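For reference, the chains in residue letters:
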Amino acid sequence: MHFTKKTKAISTLLTILLILLSAIVGALIAYMWTVAPFIVEPEDTFDLLITGVNFPVDHATSFGLTVMNPSHSFAETNITDIYIDSFGLNRTSIRSSDPSLPFPLPRGTVRTFNCSLDWGVFAGRIITVHVTSLNGTEAGRSVTLPSVAISLSSAFDASDSIQRFNVTVTNSNSPINLTLSRILLDYNPVTNLNITLPRIIQPNETISIICYADWQGHVKPLVQVETLEGFTAEIRRDAPSTVSLQVIRVNFNETNTNQVNVTFSNSADSATYVNITTIDFKYGNITDQIGGTLSSPALPVTLETGKNTSIICFWDWTDAKYRNIDLTVTAHTKQGFNSTSLTVRTPTANAGRIDDVYFDLDDTGHFAINVTNLAYSLQTANVTAIYVNQAPANITITLIDPGQRATLDCIYNWSSFVGANVTIRAYLKYGSNETQITYNLKLPYLKITNASFFNLTPENPYINITIRNSEFSRVNATITSILIRNETAPLLVVGSTGFQVTIGSESSIVYRWDWNPYVGKDVTIIVTTIDGLQTLATYKVQ
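Since the model is a prediction, treat every value here as computed from it, not as a measurement.

Engineer: Is there a simple way to think about the side chain of Thr 227 in this case?
Structural biologist: By the secondary structure assignment, Thr 227 is in strand S16 (residues 222–227). Setting aside chain neighbours within four positions, we find Thr 227 in contact with Ile 150, Leu 178, Thr 179, Leu 180 and Ser 181.

Take a look at the structure:
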């Protein structure tokens, strides 16, 4: 029994010793693991550590970073830069921090920095946060950013309007609500929308927005959206938005002073057709707008690309205050495009025109002239003189009321000008004001003296045209074509390789032509020469 007690005492003591030995060995091993890095680390070194990184999902413009300067570091160090990078991403430093950099970090201390950085564009990516110090020591830590995604699409339609476009925004599987705060077009904020901002977009919610902004000339517009949480998205797309709409002609109706004819052209290079909705007539500081039934056809009028169109605008320019002033014409369209402007001078208060001048080779001592006092004239015209080049002709002074025409017989020997280019000038007096109108022509040297119609046989009808070249002519006449027509349409055109009629001679030209269907009717014969002179005569077929 004594032996048993002694044995038990020894066993208990041995157990206690084994437990103490295990504790000592364990402590030694733990110590070796702890101090091992410092045993191999050279003396006088720094060892920065990033102990924590926090990217708040609801605030993508900053993040938190906790940095330690371990107690085993050689000394205090200065934190000089904090930046992030990732695969395919350039180094991006923070904008600022609290506390600001550079910041001294004593040995054995920990400091948390609130860093300003727009990291929303990298949402869902793995990035590495780096911290560097003045002595070149650097630490890094990789994190996966919160997964927040914004889906964005834009729609530009020049055929609808260049003063608005559509944007669709989706909060795609984000863990939080997003608050849409701003929409930009080519970096410029769009302030006029069909919704009110800020606007909350719940996860998986889609909203459609109409943006009222002029995007004319933006060939590939960039649309960006921003949220209060700091997340952004952008999209760029082709959107041709250039239209070349021109006012190419403005005509005033001579016989109706409440009408102005305006001709427009939409270039073939334009991005779209246009709907012309209004036309501005601007004079001085006054603008009259033509729209709706104030035109013919009534506005709006569609004008396709590469096409022209003429629109009659009902604008009464009868009164003297609208005469001889600058009028600027501009068109506006449903799509928001404006035409180029064209400035024209409105008609004067009074105006006349030389319509025709008749010279007969059988009477070189006279000629006749038709003068019209245009219908829009406000006064009677007094024709006071007619000149051939610089020489006056003898006339009877004639009064012509507005809208009327008068034929004046002019006594003047023009034989020395046969075949020459001359300028006819008429002087018209309206009250105390005198105006001059001109007419340029080549005086005739060729005349059709006769035309006869005959049959060689019943199946062979012919026409015989007799042509005389004046004895006062300066050239031999070379005839290049003869045209025979009735009141409505050409009947026969005969070409020639150069039939000549010499000075002072007369020649006949015979052509086979079936004149029988025109018996009893008038036909006009027009002869053209190589130098462009035309002479004509009308005969009844019989």
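Engineer: Explanation requested: the pattern of salt bridges in the structure shown.
Structural biologist: Side chains that carry opposite charge are capable of pairing whenever their charged atoms lie near each other. Within the structure shown, the criterion is met by 17 salt bridges. Taking the shortest distance from any N to any O, the salt bridge between Glu 205 and Arg 199 comes out at 3.4 Å. The exposure class assigned to Arg 199 is partly exposed, which follows from its relative accessible area of 27%. Where Asp 326 meets Arg 345, a salt bridge forms, and the shortest distance between an N and an O atom there is 2.9 Å. Note that Asp 326 is positioned in strand S25 (residues 326–333) and Arg 345 in strand S26 (residues 342–345), a separation of 19 residues in sequence.

Engineer: Got a minute to help me understand the sheet that holds strand S5 (residues 96–98) in this structure?
Structural biologist: Strands pair in a sheet through their backbones, by hydrogen bonds, and they do so in one of two ways: parallel or antiparallel. Pairing in this open sheet of 4 strands is antiparallel, and the strands run S1-S2-S7-S5 from one edge to the other. The strands lining the two open edges of the sheet, one partner per strand, are strand S1 (49–54) and S5. Going across the sheet, the axis of each strand differs from the next one's by a mean of 30°, ignoring polarity. As paired elements, S1 and strand S2 (residues 62–69) share 5 bridges and run antiparallel to each other.

Engineer: How should I be thinking about the layout of surface pockets in this particular structure?
Structural biologist: By rolling a water-sized probe across the atoms, one finds the places where empty space is left. If you add up the space inside the largest pocket, you get close to 550 Å³. Lining the largest pocket we find 18 residues, and of these Val 357, Tyr 358, Phe 359, Gln 534 and Thr 535 sit closest to its centre. Only strand S27 (352–360), strand S34 (433–442), strand S35 (446–457) and strand S41 (534–540) provide two or more residues apiece to the lining of the largest pocket. Top element by residues in the lining of the largest pocket is S27. It accounts for 5 residues. Taken together, the residues of the lining of the largest pocket sort by class into 12 nonpolar, 2 polar and 4 charged.

Engineer: Looking at this structure, I do not really get the packing of aromatic side chains. What am I missing?
Structural biologist: Tallied over the full model, the rule gives 20 aromatic pairs. With 5.5 Å between their ring centres and 90° between their planes, Phe 103 and Phe 113 make a pair best called edge-to-face. Here the residue Phe 103 occupies a position in strand S6 (residues 103–105), and Phe 113 occupies one in strand S7 (residues 109–116), the gap between them amounting to 10 residues. For Phe 113, a relative accessible area of 0% translates into the label buried. A network of ring pairs unites the aromatic residues Phe 55, Phe 63, Trp 119 and Phe 231 as a single cluster. Seen from the ring of Tyr 83, Arg 91 lies directly overhead, with NZ or CZ sitting 3.7 Å from the centre.

Engineer: Looking at this model, I keep getting lost on the confidence of the model for the chain. Mind explaining?
Structural biologist: Low-pLDDT stretches of the model should not have their predicted coordinates read in fine detail. Put simply, the chain has an average pLDDT of 89, and 90% of its residues get 70 or more. Counting interchain partners and residues more than four positions distant, the pLDDT-below-50 stretch residues 33–44 has 4 contacts.

Engineer: Sorry, what's going on with the nonpolar core here?
Structural biologist: Inside soluble globular proteins, nonpolar side chains tend to come together where they are buried. In this structure, Ile 82, Phe 165, Phe 264 and Ile 279 are the most contacted members of the largest nonpolar core, which totals 84 residues. Among the elements that take part in this core, strand S20 (residues 274–283) stands out by supplying 5 residues, more than any other. Among all residues touching Ile 279, those that are not within four sequence positions of it are Phe 264, Asp 288, Gln 289, Ile 290, Leu 299, Ile 311, Cys 313, Val 329, Thr 330 and Ala 331.

Engineer: Teacher, can you tell me more about the pairing of S34 here?
Structural biologist: Note on strand geometry: in a regular strand, side chains alternate between the two faces of the sheet. The pairing of strand S33 (residues 421–430) with S34 spans 10 bridges and is antiparallel. Looking across to S34, one finds that Ile 424 is bridged to Tyr 439. Between the end of S33 and the start of S34, which pair antiparallel, lie 2 residues, with Gly 431 showing a positive phi angle near 60°.

Engineer: Looking at this structure, I do not really get unusual backbone geometry. What am I missing?
Structural biologist: With the exception of glycine, most residues fall at negative phi, and the peptide bonds are largely trans. Geometrically, the link from Asp 98 to Pro 99 is a cis peptide bond, its omega value of 0° lying close to zero. You can see Pro 99 is positioned in the loop between S5 and S6. Backbone torsion omega between Leu 197 and Pro 198 reads 0°, so that peptide bond is classified as cis. As for its position among the elements, Pro 198 is in the loop between strand S13 (188–189) and strand S14 (199–201). A positive phi angle, near 75°, is found at Tyr 187, a position not held by glycine. Among the secondary structure elements, Tyr 187 is positioned in the loop between strand S12 (178–185) and S13. Judged by relative accessible area, Tyr 187 falls into the exposed class, the value being 54%.

Engineer: I tried to follow the pairing of strand S18 (residues 245–252) on my own but got confused; where do I start?
Structural biologist: Two strands pair when backbone bridges link them, and S18 and strand S19 (residues 259–266) are joined in this way by 7 bridges, in the antiparallel orientation. Note that in S19 the partner of Asn 251 across the bridge is Asn 261. Here S18 folds back onto S19, and the loop between the two strands holds 6 residues.

Engineer: Hey, could you run me through the sheet that holds S19 in this one?
Structural biologist: Read across the open sheet, the 4 strands follow the order S18-S19-S24-S22; overall the sheet is antiparallel. Whereas interior strands pair on both sides, the edge strands pair on one side only; in this sheet they are S18 and strand S22 (295–296). Relative to strand S24 (residues 307–314), S19 runs antiparallel, the two sharing 8 bridges. Looking at the pairing, Gln 259 lines up with Phe 314 of S24.

Parameters at a glance
- Residues numbered from 1 in each chain as written.
- Predicted model: local features only at pLDDT ≥ 70, side-chain atom pairs only at ≥ 80, totals over all residues.
- Heavy atoms only, no water.
- Helix = DSSP H or I, 4+ residues; strand = E, 2+ residues; numbered from the N terminus.
- Contact = heavy atoms within 4.5 Å.
- Salt bridge = Lys/Arg side-chain N within 4 Å of Asp/Glu carboxyl O.
- Buried < 20%, exposed > 50% of the residue type's maximum accessible area, 1.4 Å probe, protein only.
- Pairing = 2+ DSSP bridges.
- Axes fitted to C-alpha atoms, helices over the stretch in contact; angles between N-to-C directions.
- 1 Å grid on protein atoms, 1.4 Å probe; cavity = no way out; pocket = protein on both sides within 12 Å on 5 of 7 lines; lining within 4 Å.
- Points joined across faces, edges and corners; volume = space filled by probe spheres on them.
- Nonpolar A, V, L, I, M, F, W, Y, C, P; charged D, E, K, R; others polar.
- Phe/Tyr/Trp six-rings, centres within 6.5 Å; stacked < 30°, edge-to-face > 60°.
- Lys NZ or Arg CZ within 6 Å of the ring centre and 35° of its normal.
- pLDDT = per-residue confidence, 0-100.
- Core = buried A, V, L, I, M, F, W, Y, C linked by side-chain atoms within 4.5 Å.

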